[in-house]
Structures are given as structure tokens and as C-alpha cells.
Amino acid sequence: MNQGGVDRGTLYVVATPIGNLSDASPRSLEVLRGADLIACEDTRTTRTLLGHYGISTRTVAVHDHNERAAASGLIAALRSGKTIALVTDAGTPGIADPGALLVAEAHRAGVAVRPVPGPSAAAAAFSAAGFPSPGYRFAGFLPASGGARRKAIDALDGPLPVVLYEAPHRIAKTLAELAERLGAEREVVLARELSKKFEEVARLTLGETTAWLAAPHRQQGEFVIVLAAGETKPAVDADQVLQILLESLAPSEAAKIAARITGVPKGELYRKALARRK
């Protein structure tokens, strides 16, 4: 055991407050105090938390631009018996934030990885949304533009609620595109500045979001979007589709079109079509 009740040679993945510093758990503070090193997304941001609780543990920057290069040195330190706490600016590392690469390298190196659960903007927003569901899909940030963005938005129309993150300068555009492609009547929860002084959680339709955002200061701060689940679409019966198409098309053409409609492999449908023509 190291000082502070943490295990030596262990990588702790520590969730930190998403706004209100009082949300730091006693265990997370124990690990941050007892670690030999804290790997941070931004050392300046983490020092605000550490300073608030009088923690003097040494910090090192590990972010999107240097995580791969930094990982080898951190893994070497872990293998030598050092204890490292991994944090991001806010919330849980590896969830739309850096950290997953270092964790993966630790597993490959046989290093013990221990999560220290706590704040997560996705879980917090979903808990306040009120969309009954057996689960939800976390989609993080959408692609910034182009065909990849359109495909990502279309893919959100599924049987589970979806949680998205969005920056203030793109929130209006994102909500307008969601309304255009998924329907203005789809319900959505907008969670702004969670756990902070100007926190707001509003449930409305996508068509109502433009007016909501028009109020003063509404397009400031970080957003979590919780999109209600889409309607469950009935499954397409591939055999039935194939049978109908075979009434007027050759087996190869019927199989090709049936595959496009149902997603069943064309070869499988073609074999069925030939069998039915015998």
C-alpha cells in the first residue's frame, strides 16, 4: 500500500466534479492525495480542484495531443511501483475526454486499473431527463460538418434515448439539424452548465428549442442534449419482400433489391430465390 490507502503500481481512473467542487467524493480525494502523480488533461484546471482541497500531488499533462507519447513514460512509472491518478478537466476520463489510450496501454502492460466512480455529465443529464428506458446510447460529440455529421445524426433515430455533448457555439446549429432530420415534435432535454451556478435543465420539443435558446445567456456554457427515443420500427420480413419481388423480377434482380431493403446479404437471398423458382 502507498500513502493514503492507495495500491502501489496502480492506475486509478478518477472522476472529478463537472462544476461544483463539492461533488468530489471522499474516495477520489483520498486517491488524489495518495498518488505519486496525477495525469491531467490540463494541469491548470486540475490545480484549481487540488488547491481547493489542499492537495499537493505532482501533476503532468496528458491530453489528446500528447497521450500516445506520454503513455510509455507513465506505464514505465507504473511498472516501477508508482501510483498514478488519471483525471480530466471535468467528469470521467475516457468518456468524450482523453484517457482511454493510457488505460488501454496499462491493460496491455499488465498494470492494475481501478476506477474511482463519480460525476459524469451524461449520467447526470439522463437522470434528470425523465425518459423511461432500459438504457441510453451515449454518442458524445457529433462530427463537426459534412457527410459524416449527416450520417451521425440519421443514426440517432433509434429505440433508445441518446445523450450528446455540444459546445455553446454549435448548439443552435445542432438543434436545428436534429429538428430537420428527426422531426420538430421529438422531445429533448437540454442540460446547461450542470452543477454550476447558472445550471438549467429544460424538457421541450426540438421545434421549441430555437425560442428557448433566444433568451439572454442561453447559448453560453457547456450543453448536454438528451434526445428522446424514436419510434420502434417493425422489422422487415426479408422472405416476404423477396417473394413479392419475384412475382415480377428475375432472381438476381429480386435478391439485389430485397438486400437493399432488408439488409440481408444478397447471396443468401439469391439462393432462396433460385430455390423458389425450381
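Notes on the structure follow. (Residues numbered from 1 in each chain as written. Predicted model: local features only at pLDDT ≥ 70, side-chain atom pairs only at ≥ 80, totals over all residues. Heavy atoms only, no water.)

Taking strand neighbours across the sheet as the criterion, the 5 strands line up as 3-2-4-1-5 in an open arrangement whose pairing is parallel. Both outer strands of the open sheet, strand 3 (59–61) and strand 5 (112–116), are each paired with one neighbouring strand and no more. For this sheet the average axis-to-axis angle between neighbouring strands, irrespective of direction, equals 25°. Relative to strand 5, strand 1 (residues 10–14) is paired through 5 bridges, and the arrangement is parallel. Each bridged residue has a counterpart across the sheet, and for Tyr-12 the counterpart in strand 5 is Arg-114. Helix 1 (residues 26–34) rests against strand 1, strand 2 (37–40), strand 4 (84–86) and strand 5 of the sheet, and its axis sits at about 140° to strand 1. Lying on the sheet, helix 3 (residues 67–79) is in contact with strand 1, strand 2, strand 3 and strand 4; it crosses strand 4 at an angle near 140°. (Pairing = 2+ DSSP bridges. Helix = DSSP H or I, 4+ residues; strand = E, 2+ residues; numbered from the N terminus. Axes fitted to C-alpha atoms, helices over the stretch in contact; angles between N-to-C directions. Contact = heavy atoms within 4.5 Å.)

In total, this model carries 3 aromatic pairs according to the counting rule given. Measuring from centroid to centroid gives 4.4 Å for Phe-126 and Tyr-136, while their planes differ by 35°, and the two rings are tilted. Here Tyr-136 lies in the loop between helix 5 (121–127) and strand 6 (137–140) and Phe-126 lies in helix 5, a separation of 10 residues in the sequence. According to the relative accessible area criterion, Phe-126 is buried, its value standing at 16%. Using a relative accessible area of 31% as the deciding quantity, one classes Tyr-136 as partly exposed. Feature note: the residues Phe-138, Phe-141 and Tyr-165 constitute an aromatic cluster, connected by ring pairs. Across from the ring centre of Trp-212, 4.0 Å away, lies the NZ or CZ of Arg-218, which sits over that ring. (Phe/Tyr/Trp six-rings, centres within 6.5 Å; stacked < 30°, edge-to-face > 60°. Buried < 20%, exposed > 50% of the residue type's maximum accessible area, 1.4 Å probe, protein only. Lys NZ or Arg CZ within 6 Å of the ring centre and 35° of its normal.)

Across its 12 residues, helix 7 (residues 171–182) extends 16 Å between first and last C-alpha, which sits within 8% of the 16 Å expected from 1.5 Å per residue. In this fold, the buried residues of helix 7 make contact with helix 6 (146–154), strand 7 (162–166), strand 8 (187–192), helix 8 (209–213) and strand 10 (223–227). Remark: Gly-183 follows helix 7 within two positions and exhibits a positive phi of approximately 110°. (Expected span 1.5 Å × (residues − 1).)

So, on to helix 4 (residues 100–108). Of all the positions in helix 4, only Leu-102, Val-103 and Ala-106 are classed as buried. Around the axis of helix 4, the buried residues are gathered within 100° of arc, so they sit on the same side. Exposed residues pointing more than 90 degrees away from the buried face of helix 4 are listed as His-107 and Arg-108. The inward-facing, buried residues of helix 4 abut strand 1, helix 3, strand 4 and strand 5. (Arc of directions from axis to C-beta.)

Shape descriptors only; they carry no functional weight alone.
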